[in-house]
Structures are given as structure tokens and as C-alpha cells.
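Reading the structure
Here's the letter readout for the chains.
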Amino acid sequence: MKRKYPKGLVKNIKLVDREEYFCPGHRACQGCGEALAVRLMCKALGRDTVIACPTGCIEIFSTPYPTTAWKLPWIHVAFPNAAAVGSGVEAGLKVLRRKGKIPDRYVKAVAIGGDGGTADIGIQALSGAMERGHDMLYVCFDNEAYMNTGIQRSSATPFGASTTTAPAGKESIGNKTWKKNLPEIMVAHNVSYVATATNSHPIDFMNKVKKAREVKGTAYIHCLSVCPTGWRAAPELCIELGRLAVETGVFPLYEVENGRYRFTEMPGDLRPVEDYLKVQGRFRHLTPDQIKTIQDRVNLEYRKLMNKVEHPPPEL
Amino acid sequence: MSRRVGMEVAIAAAEAVALCNIDVAAVYPITPNTHVAEHLAEIVAEGRIDSEFITVESEHSALSAVLGAAGTGARTFTATSSQGLLYMQEVMPIASAMRLPVVMVIANRALSGPLNIWNDHSDIMLQRDMGWVSLFAENGQEVVDMLIQAFKIAEHREVMLPVNVNMDGFQLTHMVEPIELPDQAEVDRFLLEYKPYATLHPDRPITMGAFAMPEIFTEVMKAKDVAIVNAKKTILEVWKEWESLFGRKYEPVAAYKTEGAEVVLLTMGSMGETAEVAIDELRREGISAGLLKLKLWRPFPFKELKKAVKGVKVLAVTDRAVSYGGPGGPVCAEIRSALYDEPERPVIVDYIIGLGGRDVSVEDFITMGKRALEAKIKKPREAYKFYGVRGE
Ligand SMILES: Cc1ncc(C[n+]2csc(CCOP(=O)(O)OP(=O)(O)O)c2C)c(N)n1
Ligand code: SF4
């Protein structure tokens, strides 16, 4: 696929901002995809950014008092409310700038969260903020479970994954529900920009963050963030797992600009999902039949997405 | 120059907040504070103040948004009642731990269930230990005055804590009262510009709300406690200044005809005005009765209370909330404990009264005063007594 890089976007990893806004010394596990993704996001956002963060791995590994990994202004309030806090930050910066109480410079309000803080307990605040159309970016770092409290299932946990509250057993496949499709829920909110991303595709992710930063209005990025600890995989597989998620079609990379879908990474032929599942301990118990069920579902979801890409809504 | 207006108290509350030139408000409607939200939205919509009014989707988000805005250095406001206050509870102790000077007006209302929209104090009493400065208004004028004072107290460098102003739902919020509304210049002179200490801005990046391990958590809690205890000094100063500017006196424990009183009633909020009438009546009947009105709930005014009950034989506390199976209603339990070490403490009786909007009349106060006097001799006493229960 031939790529076009509009001005301001990253073409090459060497052209990435050298400044670290998310600094070394934090306490994430080895090979944490979430920490890597946060770092990439910060690089793409740049200095004029304020971050609101809920309770979860990110908060815990980056801010044990009196240390902090953040070189950007950062605020944590509670678990369900990053989007609401972000709304307030945006409103505060806007009005103070208007009144001349802070420098007259655009500063982006960004709210972030894990999949639990986004898809479950925080979805009300998120939906509210998106619907109100704050000039804000929300990034979900989806590691597919409540990792901070010890790998409990969330509504973003995939079907068949074994977690501590949905364990696989003689009578159980593990998690019995299909992953909630948050990007679609956000598209339904008619926000200006929605994209999926993952920690293994740094340039793609950073460019999406940069695009979202420029959007006037609300933007949402859903970033699959590999969690070797919770996925029961070797830490060195972090990047490999992200790639496999994309190459198997389990986690397609696309963006939706004003309702128009576009793939940003297109694997030629999809690899079998088994390649992705078999390297993760959380899927170890699955039988060939169960893997087939997952494969069928992945195929179906992929076709649905293709259909949206191929049949965009008419231009207004 | 202040102007004298006849105004619904909830509307006047919004006017007072507007006079404070807030930067950001986020309010979610709930009876009986809805008029505050609506009128404030109107004021912003008319461009009378330059503020952001965030129409949040819940009270949880209202306080959260206000915290985010306060983090940027904005002057912020929210309002709620009852279930809404409970919904905010998760965020309340965080506001005080982060030392963000948010101001909130609470139109006090009973907690569900059964669902009840009318007044009592069960909502705020449950939030007693959130680390907020807590004031109780007796009438519309006090709501207006206390809201303006609240910003000055909250933003004082020595305080830096959230403040709530309590007004009885319906009994105050929906009453049209004569109110002296200060003018903008007066408020500007009184309430200086808010100069936040540290803010969320990239020019000086800071981390707000870092998580605390056991080795530091106690110190943060102690700092909050020291701040709220010390806040009393600021509150008294602010009230002194208010009195000198506007001639209206504010005290943590206001006394009415307590000199030489044998029995003293104690109220919080709007019941004080009814109780005054009862005291006059009791005095006419030859009973030396008096009244104390508690206006400062947090920090608790130990010194003033002890002074106020000197020589009093019987103290009858009225509680508009229940501590089910506890050692007294929330107010009485505290007053008993505050006076426990006094060498000569009064006999204390506790009446749970006026729950969920039940009317409390002058006659009720007269009866309570008389019964309290009898209680002096009858022992042992119950920890608390529901007053005026049907069929009893
Ligand atoms: C109201 C509330 N309920 C529960 C918790 C406990 N809790 C803290 S973090 C967390 C899970 C976080 O999961 P997620 O948002 O997916 O982020 P991750 O840690 O996986 O990055 C939970 C359940 C809490 N802090 N607050
Ligand atoms: S548990 Fe997972 S998400 Fe959390 S720090 Fe460890 S690897 Fe990262």
C-alpha cells in the first residue's frame, strides 16, 4: 500500500520527537505494551498537553509518590471519571485563556484510561464527554482486563480468555462474552475522529494521535496494549503479539474521519487466529472447536468492517 | 451598594455565585437544587458572567469536571442534593486531599428510600468526614452571604479546601425572602482574585493526585486535618471582615436568649427561625429557655460550644438525620463527645425531628423544651428519641 503522509505526520521512526514526556524509571512490568504506548502517545502529543488519568496500571506504575514519570501536567482523580475530569480541564484551560489568566496558547486536554476505566465503570463519563463534544482526545489503552487489580475480566476481555474472575475450568471456557466494540460505540457518538491503534505499530499510532490532536472537537483512539503479565505471555513477545493481533484480523487498524472508514494497515492475507492465540497462556485451554468459533467471529467482524470501508456514506 | 430584593433563595444562591465571577460550573439537576442550576445556566447564557457551564451527565461527573477545572486554576462551583451528593461522594474526599478550593451549595434533602424529595440533613451528615469545610445557613440572606464567604475561605492560602454551604431544601430553596444582594464592586473588594498555588499547565508541569503508599498517606491525611482545624481562624476573620463591610454578624454558634437559660435548644439550618419564636413563648410562660444555632459544622467549634453551654442545665439537640442504632443522631453524638470532658456539662437529650420534610412547628419546639426539662431528672435516658412519630 502506498502511503501519503500529510504535513506534520511522522514518516520514519528517526523523525520522532526525541523529547521524553513519559520518562524512564516508572514501575510497569517488563515488556508492558501499555507503558510503551503511553510513551509514544506523549511524544506525538508534545509539550502543550494536559493529561487526565483514571485509577489503573498507568496511574500506579507512573506516579508512586514522591516520584512521577510525567513531564506533562497530569491529574488523577478516581477510577470512573477520567473523561469528566478531562472535560473540566478543557473547560478550565479554555476560560482561563479567554480571560487572559494563562498564556494565550492552545493546550490540548487529553483523557486516558484502561479498558475497565473506559468500557465499564467510566463509560458513562466517557459517553457524556464525547456527546458534549469537548475539544478533547480520549485514548483507551486496552489490555483486555482489569490488570491493576489482578487480571479480572472486563467487557473488553475477548471470548475464551481465562481471567481471575472468568477462569477456564472443567465447566468453563473462561470469559463467555465477546469483546465490546468501543470504537463503534464512539463512532455512534458522531465524534470527529475515531481510530484503532496498537503499541506494535508506533508510527501508525503516533500519526493517529497527531491527527486527533489537530481535530477541533472530540476524538477517540482505541489502543490495543499488550500486557504480557495478564495475557500469560513472555515479556519479549510484546511487539510480536501486537503485530499478530493485526495480522490475524483480531484487531484491525483503521480510522474513522467524520463517519468515513479507512484501513491504515492492511495485511495481505489474514493469518489464522490460532497463531495469535497459541502464544498466550490465557487461551491455552481452548479446543480446536473453540478456536474455530473465534476464527468465525473474527472473519465476520472483519467482513463487517471491510463493508464499511468499501461503502462509505455519501459526501455531504 | 447592596440592593434589597425579594427573591427565591435558590435564585439568590445562583446570583451570589455569579457575583463571585466563577470560571467553571458543572451542575446536574436534582430537586430541590434545580433552580440553582437553571438560573446559573441562564446567567451564563445571557453573558452576565464569563464562565463555562458544563452540562454534565451525572453528579459524579459534575464534581469530577469541577476538580479538573480547579486543577487548571479555575474558580469552580457545583450544587447538589441527597442522592446526587451520595453520587459525588467518591470524589469528595479527593477534592479535599488534593486541596482544591471547590465551592458547593447543597440543598439538603432526605436520602432515599423511600424516595423523598423534602428536607432533612441525612445527605450532608453522611458526608461529614470528607474533609470539606461545612457551613449551615439559616435563611436566604445567610445562603447568599455564606456562598460569597465560601470562596474566600476555600481559596485562602492557609485553607485550600473545598467548602459546602448547606441550605434546607424547599424550606429555604423555594421560599421568596427579602435579601440584601451585594453589588459587584462590593464583592470584588471582598473577594480578591484567586491566585492558585500550582496548576495544570505545561509551562510548569506538575503531577496532581499521585498515589500514596502507607509511608506517606497518614501525613497527607494529617495535613488535611490540620488545614481544616486551622481553617477556623480564617473563617472567623472572613466573618469579621464581612460584618465590618455588610453589618451582618456570623458566629460558629449563634446564641438567642441563652443568658441564664436553664434549658437550651440547639438547631442547625432553617429551623432556627421557628425555634426563636418558641423560645419567646417559653420565656413568656416563665421557663428560662434559650437557643443555640450551629452554623459551622466543620471545623467543629469546640471552644464556642463549650462557652455557649456554660451554666446550662439541659441541652436539647435537634437532629434532622438518624445514625441508626448509634449513640445519638449525628449532631448530638458529636456534641455529647465534645462536652464529655467538661467538669459541668449539661444533661443532653436528642430529638430526631423533621425527617423528610415533616413540618416542625413552634409548638413542637415548646414541647421539646418542656420535655427536655423533665428529662433532667428521669434517668436513664435513651441515646436519642424520634419526636412526633405517628401512633406513639
Ligand atoms: C470505584 C472503584 N471500583 C473499583 C476500583 C478498583 N480498581 C482499581 S484499578 C481497577 C482496574 C483497572 O483496569 P483497567 O481500567 O482496565 O486498567 P489497567 O489496570 O488494566 O490498565 C479496579 C477494578 C476502584 N479504584 N474504584
Ligand atoms: S499488569 Fe500488564 S498493563 Fe499492568 S504494568 Fe504489568 S504488563 Fe503493564
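The rules we used
- Residues numbered from 1 in each chain as written.
- Chains lettered and ligands numbered in written order.
- Predicted model: local features only at pLDDT ≥ 70, side-chain atom pairs only at ≥ 80, totals over all residues.
- Heavy atoms only, no water.
- Helix = DSSP H or I, 4+ residues; strand = E, 2+ residues; numbered from the N terminus.
- Rg over C-alpha atoms; globule rule 2.2 N^0.38 Å.
- Buried < 20%, exposed > 50% of the residue type's maximum accessible area, 1.4 Å probe, protein only.
- Contact = heavy atoms within 4.5 Å.
- Lys, Arg positive; Asp, Glu negative; His and termini not counted.
- Charge placed at Lys NZ, Arg CZ, Asp CG, Glu CD.
- Near = heavy atom within 4 Å.
- Polar contact = N/O pair within 3.5 Å; in protein donor to acceptor, adjacent residues only side chain to side chain.
- Areas by Shrake-Rupley, 256 points an atom, 1.4 Å probe, with all protein chains shown as cover.
- Nonpolar A, V, L, I, M, F, W, Y, C, P; charged D, E, K, R; others polar.
- 1 Å grid on protein atoms, 1.4 Å probe; cavity = no way out; pocket = protein on both sides within 12 Å on 5 of 7 lines; lining within 4 Å.
- Points joined across faces, edges and corners; volume = space filled by probe spheres on them.
- Phe/Tyr/Trp six-rings, centres within 6.5 Å; stacked < 30°, edge-to-face > 60°.
- Lys NZ or Arg CZ within 6 Å of the ring centre and 35° of its normal.
- Salt bridge = Lys/Arg side-chain N within 4 Å of Asp/Glu carboxyl O.

A word on the overall build of chain B. Each helix and strand counted, chain B has 13 helices and 16 strands in total. Taken over C-alpha atoms, the radius of gyration comes to 21 Å for chain B, in line with the 21 Å a tight globule of 392 residues would show. Sorting the 392 residues of chain B into buried and exposed places 61% on the buried side. At a minimum sequence separation of 6, the contacts of chain B that also span at least 24 residues come to 81%. Side-chain charges of chain B comprise 42 positive and 54 negative groups, with the mean position of each set lying 8 Å from the other.

Moving on to the site of ligand 1. Cys57, Gly116, Gly117, Asn143 and Met147 of chain A are the nearest of the 17 residues found near ligand 1. Surrounding ligand 1 is a set of residues that belongs to chains A and B. In this structure, Cys57 of chain A approaches ligand 1 through a main-chain N or O atom, which is 2.8 Å from an oxygen atom. Contacts to ligand 1 include Asn143 of chain A, whose side-chain N or O atom sits 3.0 Å from an oxygen atom. In the complex, the protein chains occlude 76% of the 590 Å² of accessible area that ligand 1 would expose alone. No other element matches the 3 residues that helix α4 (residues 115-120) of chain A contributes to the shell around ligand 1. In terms of residue class, the shell around ligand 1 is built from 6 nonpolar, 8 polar and 3 charged.

Glancing now at the layout of surface pockets. By volume, the largest pocket is sized at about 1200 Å³. Considering the residues around the largest pocket, the lining is formed by 38 residues, among which Ala97, Met98, Gly209, Ala210 and Val220 of chain B are closest to the centre. Mapped onto the lining of the largest pocket, the elements with two or more residues apiece are α2 (57-62) of chain A together with α3 (59-71), α5 (92-97), β9 (207-208) and α9 (214-246) of chain B. Looking at the lining of the largest pocket residue by residue, the class counts come to 25 nonpolar, 8 polar and 5 charged.

Here we come to the packing of aromatic side chains. For the coordinates displayed, the defined rule picks out 16 aromatic pairs over all chains. Members of the aromatic cluster, joined through ring pairs, are Phe22, Phe61, Trp70 and Trp74 of chain A. One residue, Arg282 of chain A, lies across the ring of Trp231 of chain A, its end atom 4.0 Å from the ring centre. The ring centre of Trp297 of chain B lies 5.1 Å from the NZ or CZ of Arg298 of chain B, which sits over that ring.

Let us now look at the pattern of salt bridges. Scanning the model with the defined rule gives 50 salt bridges over all chains in all. Among the ionic pairs, Arg105 of chain A bridges to Asp203 of chain B, the shortest N-O distance being 2.8 Å. Here the residue Arg105 of chain A occupies a position in the loop between α3 (82-98) and β3 (108-114), and Asp203 of chain B occupies one in the loop between α8 (184-190) and β9, the pair thus bridging two chains. On the basis of relative accessible area, Asp203 of chain B is assigned to the partly exposed category, the value being 40%. The salt bridge involving Arg4 of chain B is made with Glu180 of chain B; its shortest N-O contact spans 3.4 Å. With Arg4 of chain B in strand β1 (residues 3-8) and Glu180 of chain B in strand β8 (residues 176-181), this residue pair connects regions lying 176 residues apart in the sequence. Overlapping salt bridges bring together Glu90, Lys94 and Arg98 of chain A together with Asp50 and Glu52 of chain B as one network.

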